[in-house]
Structure formats: C-alpha cells, structure tokens
Amino acid sequence: MAEQDTLRLGIDVGGTNTDAVIVDADGKVVAKTKIPTTPDVTRGISEAIGVVLDAVDDKTRISRVMLGTTHATNAVIERRGLGRVACIRVGGPATHSIPPLAMWPDDLRSTVSVAETIIDGGAEFDGRDQVPLDEAALLAFLDGLDETPDSYAVTSVFAPVADIHERRVVELIREKMGASVTISASSHIGSLGLLERENATVLNSALTNVAHQIIDGLRNACAEHGLEARQLFAQNDGSLMSVDQVLAQPVLTIGSGPANSLRGASALSGLTDAIVVDVGGTSTDVAVIANGFPRESTVPVEIGGVETNFRMPDLLAIGLGGGSRVREGEGSVRVGPDSVGYRLDREALVFGGHTATFSDAAVRSGRAGFGSVAADGLSRDVATRALALADEMVADAIDRMKLSPEPIPVVLVGGGSVLLSDSISGASKVIRPEDADVANAIGAALAPISAQIDELFEVGVDGREAAVEAAKQKVMDLTVAQGADPEDVHVVAVEEMTLAYMKGDHLRIRAKAAGRLD
Amino acid sequence: MLLGENEIGHLALGAAVFGGGGGGDPHIGEIMARLAVRRYGPVELVDLESLDDGELIVPCAMVGAPTVMVEKFPAGDEGGRIIAAIEKAMGRKAAALTSAELGGLNGVLPIAWAAHAGIPVVDCDLMARAFPELQMTTASLAGIPISPVAVTDERTNTIVFETIDSPWAETLVRSTVGAFGGSASMGIYPMTVAQARIGAISGSLSRAIEVGRVMSEVSADPVDALCEQLDGYRLISGKVVDVERRSDGGFARGSAVVDGTGRDTGRLVRFEFQNENLAALEDGKVVASVPDIITAVDVHTGHPITTENLRYGQRVSVMAMPCDPFWRSPEALAIVGPRVFGYEFDYETVESIHG
C-alpha cells in the first residue's frame, strides 16, 4: 500500500478518559472518540478502538497503533501491581554514605525491595575502573537472597560513561539465576546522577509486570478487532518505543500523558516552537514546545515520593481553572487557587449553583457563552476585574516559561481554554486548534522515534567542536538503530556543560535526535 | 547544641545563603548528613569558646567537580581517615572537626563525617561564605599554615602534603583530585583552638542554622527577613532576563541580568560570577562586590539559587550582605578583593554603597 493511503491509530489512556483517534498520512483527524477509562486495560482500549474503526472502510490501511498510558505512573503512585526487586549497586568503596533506596518512602521500599547491596566496582568519570569488580560479593549476595525476586536492578557508578562492570554483573546474574531472569541496567535507564538513576532503575525493574499488562492489553485489543498493525508505545519525551523497548524500559512510559498532549498541540497547530497552555477545571498547565518536542525539566522529577532524573516535560501549573472561585473583598478581587473542580456543572452560577467561578466571570463579561442561567449574581465590575487578574496570571506564567523576551505563539488547549482572551501579553499570536480535546491521542499517533545520550566526552586535539560532532553522530546512530528513517533523522537538542574544577579535557554533552518511523 | 535532622535541613538552607551562589548544590551533603545522624545519633556542635586553647581542630571539605560528586559520592568514613592522617602527621590527637567553607555542599557535609567518626563539630569555619581557592581563608591570613593537608579518596588512598605555602597546596590538591577521579575529601589548616580564636570565624555554623530556620518559617520570598537578620540589602526583585556562561581556566564564569518588577520596574541589575557571585552592577556602577556576599533567591521556592542553576525567566530577589569583618582589611582584600578576580575597581563595603 502506498504510504499516503496508510492511517495511524493513536490511543491515550488517562486517569479519567481514554481517547482514540485515527489520523491520515497528512496528520488530519479521520475519527476520534473519548470514553471513560476502565480498570481492565484491554477492555477500555478495545472499546475506544472499536468506535474509531467504524469510521474506516478498510482497516488494513491502519499501519501502526500507538498507545500512551498512565498505567506505570498509577502503579507507582498507588503501589499496586509492582514487582519485587533485588537492588544491586556497583560503587563501593565509594557511595556507602547513601545506601540504595535510603530516601524512599518506607511503604514503597518495603513493597518493592527484596534486598539491597553495594558491591565494590564502578568507573571513574574518564572510564577507568574505580576499583576491580567484586564478583565474589555479588555471588554471595545472590546466594543470600531469602526470596526469589521478580527482577534485578543493577546500577554502576559512572555507567553512562563506562558500563563494563554493569554489563558483567548482568552476565553473572544470568549465569547464576537463569538466562531468562529480568534485569534492568542503569545505563539504559537514566543519565548522570547516581541516586536518581538508581531510583529510576529500581522502579523500572518493579514495573516489569505492568509492562507485560500494557503490551498484552494493546495486543489483545488489536487482535479482537483483527488489526495487524505494528504496535508502538509513547514515552515521556514525546517519542515512541517498540514492544521490546517497553519491556526493557517501562519506567520511560511515565509522564507520556503530558508529553503526548504537548506533541498533539504542536501537530494540531503546525508549530514546532510555541507555548502550550492547557486550561483545566482546577489548574492551568503551561509548557514549552521547542523543536517539536516538549522542553524537559532540569530539576529531578519526583514520582510516588522518589526522586528520578528521567526526561519529563517541564510544566508550570498555576491555580487557575474553569472552577476557580472568584472572591471580592477589601477593594480587591481574587481568583483561585481553590476551585469547585469537577462539581463545576452543579456549583457554578451559570449552572444554577451558588459559587462565583472563573467560568461565571467569563460568561458574565461576554468572553464565553455557556451554561443554563445568567451569572447575574456576579457584578459586571467584579467579573471584569477577575478576568483581568486571570489574564495577568496566565501572561505571567507564560513569561516565566519563555527562554527569551521575544513574543512567542501560544497554543490554547483543554476544556477551559474558551475562558482565556485572544490577546495574551507576550504572545505573538493565540491559536485554538480544532480537535484539541483529543490532543493526547493525536500526539501519540504522530510521535517520532528518538534517542538521547548524556555522557562525558573527551576533548582531544581536535577540540570541543569535534567532541560535539562525535556526540551528535552517536545519538543519530542510536535513533536509526531504534527504527528511525536514516533520511529523516536529525538532532533536536544539544547541551554541553564543562566540568567545573577540572581543567579542560572533558565535556558533558546531552544530545537528543529524532526521526520519522522507517 | 545538638545537630539532628531539623538542624541539618536549616544548615543546608543557611549555607546556601552564605554560599553566594557557590559551593555546589547542598542536596547530596544534606542527605549524607541526615542519614548519618539517623544511624549514629545527633552531632554535638561545640562553641569555640568552650574548648581549651591547646586542643586540635581540623577544618574539612570536599573538593572537586560537582558533576562527579553527584555520581561518585563519598563512602562516609572520610572524616575519620582525615583526622587519623592529620593526627599521625602532627603526633597529637584532634578534638573535633569543622567546615572549611560555609557554602553549599561543604556547609553540611562535615556533619556527616563527624557523626560517622563520633566526634563533635566546632561552631566555626574559615570563610563564612564560599571561595574558589584554598588560600582564600581566614586561617591563611592569620598566618596559620595550611599543612599538613590530608587528602583522601573512597579507596582509602590518603596523601599528606607538607607544602611551603597555601598556593602550593592548591596546586598539589588539584592534581591529586584529577588522579583520584575528579573529587576528593580533605582536611586543611589543622589548628589549635588558640589559633582558631584568631584564624577562624567563630559562630558561623550556628548563625547559618538560625538563618535556615528563619527561612523555613517564611512561606515565599524570604529576602526581607534575611536582610533584617543579616544587615543585608535587597538589590532588586525581578526576572532573570539574560544568563551568559563561559568556561575559563577550570572555573565556571558568567553573568546574569535581572529586570526589575513591581517597585523595581525600570531597573536592571547585572551580577557576575566565578563559581560564586562576585559583583553586582547597576547603570555601570558597582552596587556590591566580593568579598561581600551576593545571593539570588528564587521568590517562588524561597531557596537560594546556585550559579549553575540560574536560568532565564526565574523570578528572583537579589540580596547583598556584609562579609565577615575579617575580609575587609587591606591584607585580606589582597587575596579576596575584586582585583584578585580580574576587576579594575577597589572594594567598597555594601553598607557604604547603600547606607
């Protein structure tokens, strides 16, 4: 079949709703649906697929099915369905001052951990061995386990630079415990920063069973509908993973929801650089699309009480939403941060309730038109001032997220976006894309394949630029290895940091590349 | 005073204020210290005044690249090894250790080492702020020898240097740090209590703890409270509109511009840094400079911002506060004044500029 005739099916399983869309080769939405999320993975996905498939004459045109889901996030937050993990750190005699999982919440630690150990080994920043690997200590630890773990998590010091010891430990575990045991190795999971990478690696191990559920859920749902399309999964940076990758790195599906929403907003607006403002009932999320990807947070992301360092969209949430309460007092007007939330359709004045909200202010002053009754209980003056204040809050949040003073396009999504003005201070233009209600599923459907590195590179005689070129080539090769079209693969971000206190010689480079699926 | 987890949390915050943007992120040091007191019990913080003249104390710090320290952090027993090496070199027992530098990581880390070694921490340090080089200490000014210097790594390799002066110690420690893998732990300027009375800044740790306590009680922008407590001045409140960085001789140099908001609308203040913040300028005029302490505080989190974490769009209040009077003599300014850092102007105290 010609490429232009193929369709993609994107599904996003959120906490409340499951969205599905079918998009054509030009990214145009052919069908969409939104149904309540079900506890049983397969059933919700299958229902959503069923609805959108009705709009397609020939389902063999669907070449790929992409799933983004909050299953992994919820499993960690709710401590549900997590596997039991043996945690092995290769870093002694250094790092004993902070043992593995020492800062985890007690309930999560006891749910997940079978046992923890630090064995001697690991590398230096320049790739030398820190000390020889203590293989005997590893074998003694494995012998001493009084429970068979579901999986093993291995984190070696400076593994992102040199993972020889990490790989050897993986090999030894397989030799001793069986070739089929599940093992997570930190160099595949996170970047520099031992504690955060170790935490992410252990969570990854604990999510093995959840990964199987997600994969089986999609596979079964596709089988029910006779879909033979290739199955892919959304990850937290807004790109896709293969089935094998999800099995190896389920932790990377955490945070795929916001990333999908941002990618969807980018695709729907046709903009690769913009601010995306998602207005909900209680809060408004402001985030940045740069080069078509969500800008990543630079601070460690906490999930379920555990600090990790994996790639999450940089989101700024402010306490302003459709249900935010409007109050008047002492000559001033306040909006939020408290909200009537999901009770908006009962408690807001325009729905016959008794609480003045941001929605009421917008209706009262004529900016929006919805509801069943007039919002007369709110004076026109207070409504106007409440809107002015809300506009200022949004403009301020946008300004905080911008990286330069120049005006930038702003894309409005989310149910509450009708409450915002068309002229926002700091915005070069304001765009309200169609189909924004299913932006997450569209983002999943249109996502590219990507890869990322965060490593120390030696600056040789050819200088800094040669090191950066080497890093770019490495990350593009990795992206092609993941399945990207070699003709389309390109570097989307490069960041270099010198090592303070070290004279020259080494440069820490973070780079990411992406490309269309081959 | 006993240092438990509460005091450690306050000390980490306070040390970040005195660190003036430098000293590295205290996070790892804070976790180490919290875990150490959970395991070995709280650490005793003793007044310099309560100790006998003849007792020996050892100022300690970690030295190296912050990127290495977050990946290969210490074993935890470095304090004991540093003390043992210094005791052997000097042929006498040490009574306590203390922080060499009251900034970021090094402000809290010695608490972890003291808990592990089961010895007290003396309420003093050698800077009452952070500085980038080993000779920039009050001890050096007071003529106290930096040596013997004990440098140790996680493998328990330990080197004791007997150097002719502190710049030589700086050179040798730096090359040792490279060989050890980018970070190391050290004891420097071992001194008697009598020497410390003139060559260390007494009370600096408890002062930092008090500063952190006050900050933890203020919900958002703590700068007014800090200025009142530390006789400081709010230079500007606004938004970071430009951050420029370059690497220069192994140091992270750069500058940031803050565009005033609210009552500061229309004003621009630029501050420059080399690991620590060095000078703040407005309309071409110096409004604060090293050795006075310049600290930018994130008004949303209430936490001081280290220079490596500065970025466009942050809402900050920038404050300047007087350094310890120790740093204001002509001799002191010859090793830590603006000209040492490449500036063409002489130091003027922050009080005289704003008073």
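Predicted model only: the values in this text are computed from it and were never measured. (Residues numbered from 1 in each chain as written. Chains lettered and ligands numbered in written order. Predicted model: local features only at pLDDT ≥ 70, side-chain atom pairs only at ≥ 80, totals over all residues. Heavy atoms only, no water.)

## A few points about the packing of helix 2 (residues 27–40) of chain B against helix 5 (residues 104–117) of chain B
Residues and elements named next belong to chain B.
Here is step 1 of the chain: One way to put it is that helix 2 packs onto helix 5 with a least axis distance of 8 Å and a crossing angle of 20 degrees. The angle between helix 2 and helix 5 falls in the class roughly parallel. The handedness of the crossing between helix 2 and helix 5 is left-handed. Counting all contacts with helix 2, which are made through Ile28, Gly29, Glu30, Met32, Ala33, Ala36, Val37 and Tyr40, the residues of helix 5 involved are Leu105, Val108, Leu109, Ile111, Ala112, Trp113, Ala115 and His116.
Here is step 2 of the chain: Its residues placed into classes, the contact of helix 2 with helix 5 shows 13 nonpolar, two polar and one charged. (Axes fitted to C-alpha atoms, helices over the stretch in contact; angles between N-to-C directions. Helix = DSSP H or I, 4+ residues; strand = E, 2+ residues; numbered from the N terminus. Parallel < 35°, antiparallel > 145°, perpendicular 65-115°, else oblique. Left-handed = near helix turned anticlockwise from the far one by under 90°. Contact = heavy atoms within 4.5 Å. Nonpolar A, V, L, I, M, F, W, Y, C, P; charged D, E, K, R; others polar.)

## Notes on helix 7 (residues 166–180) of chain B
At 3.6 residues per turn, the α-helix brings residues three or four places apart onto the same side.
All names here are of chain B.
Here is step 1 of the chain: In a regular helix each residue adds 1.5 Å, so 15 residues correspond to 21 Å; helix 7 covers 20 Å between its end C-alpha atoms and thus fits that length.
Here is step 2 of the chain: Among the residues making up helix 7, those that are buried are Ser166, Ala169, Glu170, Val173, Arg174, Thr176, Val177 and Phe180. One side of helix 7 carries all its buried residues, which in axial view fall inside an arc of 165 degrees. (Expected span 1.5 Å × (residues − 1). Buried < 20%, exposed > 50% of the residue type's maximum accessible area, 1.4 Å probe, protein only. Arc of directions from axis to C-beta.)

## Quick notes on the domain arrangement of chain B
Quite often, the size of an interface is put as the accessible area lost when its parts meet.
Residues and elements named next belong to chain B.
Here is step 1 of the chain: Along its sequence, chain B is organised into domain 1 (2–205) and domain 2 (220–354).
Here is step 2 of the chain: Each of domain 1 and domain 2 has a C-alpha centre, and these two points are 25 Å apart.
Here is step 3 of the chain: Counting residues at the interface gives 27 residues for domain 1 and 30 residues for domain 2.
Here is step 4 of the chain: Carbon and sulfur atoms make up 70% of the area that domain 1 and domain 2 hide from each other, which totals about 2200 Å².
Here is step 5 of the chain: Interface area lost by domain 1 to domain 2 is led by Val17, Arg129 and Leu141, which between them contribute 26%.
Here is step 6 of the chain: The tally of links from domain 1 across to domain 2 stands at zero salt bridges.
Here is step 7 of the chain: When residues of the side of domain 1 that touches domain 2 are traced back to their parent elements, those giving at least two are helix 1 (5–18) and helix 6 (138–141).
Here is step 8 of the chain: With four residues, helix 1 is the largest single contributor of residues to the side of domain 1 that touches domain 2.
Here is step 9 of the chain: For the side of domain 1 that touches domain 2, the per-class residue count stands at 14 nonpolar, nine polar and four charged. (Domains from an automatic or database assignment. Buried area = accessible area lost by both parts, 1.4 Å probe. Salt bridge = Lys/Arg side-chain N within 4 Å of Asp/Glu carboxyl O.)

## Comments concerning unusual backbone geometry
Residue and element names in this part refer to chain A.
Here is step 1 of the chain: Residue Gly92 is joined to Pro93 through a cis peptide bond whose omega torsion reads 0 degrees.
Here is step 2 of the chain: Inspection of the secondary structure puts Pro93 in the loop between strand 5 (85–92) and helix 3 (106–112).
Here is step 3 of the chain: Between Gly336 and the following residue, Pro337, the backbone shows a cis peptide bond with an omega angle of 0 degrees.
Here is step 4 of the chain: Along the polypeptide, Pro337 turns up in strand 18 (residues 332–339).
Here is step 5 of the chain: Positioned with a positive phi, Leu101 is a non-glycine residue whose angle comes to about 65 degrees.
Here is step 6 of the chain: In this fold, Leu101 is placed in the loop between strand 5 and helix 3.
Here is step 7 of the chain: Positive phi values are uncommon outside glycine, yet Phe158 reaches one of about 60 degrees.
Here is step 8 of the chain: For Phe158, the location among the structural elements is in the loop between strand 7 (151–156) and helix 5 (164–177).

## Describing the interface of chain B and chain A
Here is step 1 of the chain: Between chain B and chain A, the contact holds 37 residues from the first and 43 residues from the second.
Here is step 2 of the chain: Approximately 3500 Å² of surface area, both sides summed, lies buried where chain B meets chain A, with 57% of it carried by carbon and sulfur atoms.
Here is step 3 of the chain: For the pair chain B and chain A, the number of links is seven salt bridges.
Here is step 4 of the chain: For the pair chain B and chain A, the number of links is 18 residue pairs in polar contact (both at pLDDT 80 or more).
Here is step 5 of the chain: Looking at the side of chain B that touches chain A, the elements that each hand over two or more residues are helix 2, helix 3 (66–69), helix 7 and strand 12 (233–248) of chain B.
Here is step 6 of the chain: In terms of residue count, the dominant contributor to the side of chain B that touches chain A is helix 2 of chain B (six residues). (Polar contact = N/O pair within 3.5 Å; in protein donor to acceptor, adjacent residues only side chain to side chain.)

## Quick word on the domain arrangement of chain A
All names here are of chain A.
Here is step 1 of the chain: Taken domain by domain, chain A consists of domain 1 (1–80 + 208–254), domain 2 (83–206), domain 3 (271–434) and domain 4 (448–515).
Here is step 2 of the chain: Counting residues at the interface gives four residues for domain 3 and seven residues for domain 4.
Here is step 3 of the chain: For the domain 3 and domain 4 pair, buried surface summed over both sides reaches about 520 Å², with 49% attributable to carbon and sulfur atoms.
Here is step 4 of the chain: Inspection of the domain 3/domain 4 interface yields zero salt bridges.
Here is step 5 of the chain: The interface formed by domain 3 and domain 4 includes one residue pair in polar contact (both at pLDDT 80 or more).
Here is step 6 of the chain: The class makeup of the residues in the side of domain 3 that touches domain 4 is one nonpolar, one polar and two charged.

## Focus on the packing of aromatic side chains
Here is step 1 of the chain: All told, the structure shown has four aromatic pairs over all chains when counted by the stated rule.
Here is step 2 of the chain: Seen from their ring centres, Tyr343 of chain B and Phe345 of chain B are 5.1 Å apart, and the 40 degrees between their planes marks the pair as tilted. Across the pair, exposure class does not vary: Tyr343 of chain B and Phe345 of chain B are buried alike.
Here is step 3 of the chain: Clustering of aromatic rings is evident, with ring pairs tying together Phe131, Phe326 and Trp327 of chain B.
Here is step 4 of the chain: For the cation-ring pair, Arg263 of chain A lies above Phe293 of chain A, with the distance from its terminal atom to the ring centre recorded as 5.1 Å.
Here is step 5 of the chain: The ring of Phe131 of chain B is capped by Arg129 of chain B, whose NZ or CZ atom sits 4.2 Å from the centre of that ring. (Phe/Tyr/Trp six-rings, centres within 6.5 Å; stacked < 30°, edge-to-face > 60°. Lys NZ or Arg CZ within 6 Å of the ring centre and 35° of its normal.)

## Brief notes about the pairing of strand 8 (residues 158–161) of chain B
Residue and element names in this part refer to chain B.
Here is step 1 of the chain: Sheet topology places strand 7 (residues 149–152) next to strand 8; four bridges connect them, and they run antiparallel. By the bridge assignment, Val149 is partnered in strand 8 with Phe161.
Here is step 2 of the chain: Count of turn residues in the strand 7/strand 8 antiparallel hairpin: five residues, of which Thr156 carries a positive phi of about 80 degrees. (Pairing = 2+ DSSP bridges.)

## Here we look at the sheet that holds strand 5 of chain A
Residue and element names in this part refer to chain A.
Here is step 1 of the chain: Taken in spatial order, the four strands line up as 6-5-7-8 in an open sheet, and their pairing is parallel. Two strands lie at the open edges of the sheet, namely strand 6 (113–120) and strand 8 (182–185), each paired on one side alone. Strand-to-strand twist across the sheet, computed as the mean angle between neighbouring axes with direction ignored, equals 15 degrees.
Here is step 2 of the chain: With four bridges connecting them, strand 7 and strand 8 associate as parallel partners. When the bridges of strand 8 are listed, Ala153 appears paired with Ser184.

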